[in-house]
Each structure stands twice: as structure tokens, then as C-alpha cells.
Amino acid sequence: MEDGESCSATSTCSYDGSSCTCGVFCRSYPVGQPPCNPDAGITTNCCDQTKPPTWHCFDGPAYCPTPRPHVGDPCAKEGDSCALAPPAECGQMVLSCRQGRWELPMAQCPISTARAKQDITYVGPAEAERLREELLRVRLATYRYKASDPSQHLGFIIEDMPDGSPAVLSSRERVDLYGYVSMTVAAIQEQQKQIDLLQTELARVKRDCGAPKEAPPSRPTQSH
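Residues numbered from 1 in each chain as written. Predicted model: local features only at pLDDT ≥ 70, side-chain atom pairs only at ≥ 80, totals over all residues. Heavy atoms only, no water.

Things to note about the overall build of the protein chain
Thought 1: Along the protein chain, the regular secondary structure elements total 2 helices and 8 strands.
Thought 2: Each helix and strand of the protein chain, ordered N terminal to C terminal, gives the series β-β-β-β-β-β-α-β-β-α.
Thought 3: By residue count, 21% of the 224 residues in the protein chain fall in the buried class.
Thought 4: At a minimum sequence separation of 6, the contacts of the protein chain that also span at least 24 residues come to 45%.
Thought 5: On the protein chain, roughly 17,000 Å² of surface is accessible, and the fraction owed to carbon and sulfur atoms is 54%. (Helix = DSSP H or I, 4+ residues; strand = E, 2+ residues; numbered from the N terminus. Buried < 20%, exposed > 50% of the residue type's maximum accessible area, 1.4 Å probe, protein only. Contact = heavy atoms within 4.5 Å. Areas by Shrake-Rupley, 256 points an atom, 1.4 Å probe, with all protein chains shown as cover.)

See the structure below:
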């Protein structure tokens, strides 16, 4: 079978770390596609659920053996990997052998439901402003990795980031992309507040400058 090949509505297939599903695939990550609805004017960038079903496959490494290794256990071959869960649209939980230890890279979809969280505290204006200032101090650089991928990348260097930065995992070995994006959201929100204030002030100045000025009171004439 091949990705996109036609299939029957009841077909399913899975092997090793790959899984294939027969149906109409609608992208849900990073932005979900709404169903196409000509009556509502939704005809582009939408999911046409009337299309015939096709295979949609996610490829990944083979599943970890049983008993599976745990994060931090010794591993023999650098670069080896094995899957912990079926593939998904935005990644797969995969153990990787790095520097002699099994690691779990942050490759799965971020979990953001309140059901999975505790100690939830919303960011206030002062904290949002601090995040904006930290984001503005980020030094961007271009670089190439020493191993494997020879292409040029754009990003920041972890050693340039302050301790406790939301953009860096606590191990200070990897970037927390979810935290990095959230910092950007806070910065945009704060800048929009500043833009709104400036626009309000500009409108007031224009209104004051455009208002007709009152004529000075006339001075009484003296008779001779």
C-alpha cells in the first residue's frame, strides 16, 4: 500500500512502528482544518469529507523490545531508537540512544489540557512584560550541526539564555519549543497593548488639533 492510495472504509493496517488508516484525513496539527461547507462560504483550506477514503500512513521506528529500556538506562549504539507509542501527526514518542544513555526527546504533541495540569497560574501584566523583555534580548544565530545534518539553521544558543528561561528545558540540553512560543505570545500581547495605547493617544491628538479654535474675545472699542 502507498500513502494516498484508495482503500475501503474498513481497512486498517499496522506494523513495527508504522500505522496506516483508511479514511478521509483531515489535518489537525498545527492548525485543524474545518469541514468544507459551501453554504457557509468555507471552500478552501478545509477538509472535504465527501472524498473517497485513502490510506494515510505515519512511519516510525520499530517498537521497543519487551522489557523496554527506561530513560537513563545504558545503551550500546549511538543513534539507535525505538518507539514507545504509535506515530501521530506531530511526532512519536521515541527513545533515542545518545551519549550512551536512552533519552526521550520532546517529539510528541504538547499536552495542554487542564486535566493534565496542576498549579495553574495565569500570567499577569508584570510577568508578561518580563517575558517580552527577555524575548527581545534573545540573540539569534545561524549555525550548522557538527554531526549529520549539514544544512544551515536559525535559532538561539542555549548557553546564551538565562537560567530558568521558559524557552529551555531544565536539563539545559534542549529547547522547550512550547515555552518559546508561549513567550512570543506574551510579547505580542504586551506590544499590542502598547500599540492600542499609542493609537488612542494619536486619535486624541488628531481630534484636538482638528477642533475649531475659539476666537479670542473682542476688545471693546473706545469712543473719542
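Past the structure itself, the notes keep going.
Concerning the packing of aromatic side chains
Thought 1: Applying the stated rule across the entire model yields 1 aromatic pair.
Thought 2: Where F156 meets Y180, the ring centres are 5.0 Å apart and the plane angle is 85°; that geometry is what we call edge-to-face. Here F156, found in strand β8 (residues 153-156), pairs with Y180, found in helix α2 (residues 177-210); they are 24 residues apart in sequence, far enough to count as distant. (Phe/Tyr/Trp six-rings, centres within 6.5 Å; stacked < 30°, edge-to-face > 60°.)

Some words on the environment of Q189
Thought 1: Here Q189 lies in helix α2.
Thought 2: Since its relative accessible area comes to 47%, Q189 is described here as partly exposed.
Thought 3: A C-alpha to C-alpha distance of 8.2 Å links Q189 and A128, two positions 61 residues apart in sequence.

Looking at the pattern of salt bridges
Two side chains carrying opposite charge are able to pair once their charged atoms lie near each other.
Thought 1: Enumeration according to the criterion identifies 8 salt bridges in this entry.
Thought 2: Note that E103 is salt-bridged to R174, the shortest N-O span being 3.1 Å. Here E103, found in strand β6 (residues 101-103), pairs with R174, found in the loop between β8 and α2; they are 71 residues apart in sequence, far enough to count as distant.
Thought 3: Salt-bridge contacts for D163 lead to R172; the nearest nitrogen and oxygen are separated by 3.6 Å. (Salt bridge = Lys/Arg side-chain N within 4 Å of Asp/Glu carboxyl O.)

Keep in mind that these numbers describe shape and distance, not what the molecule does.
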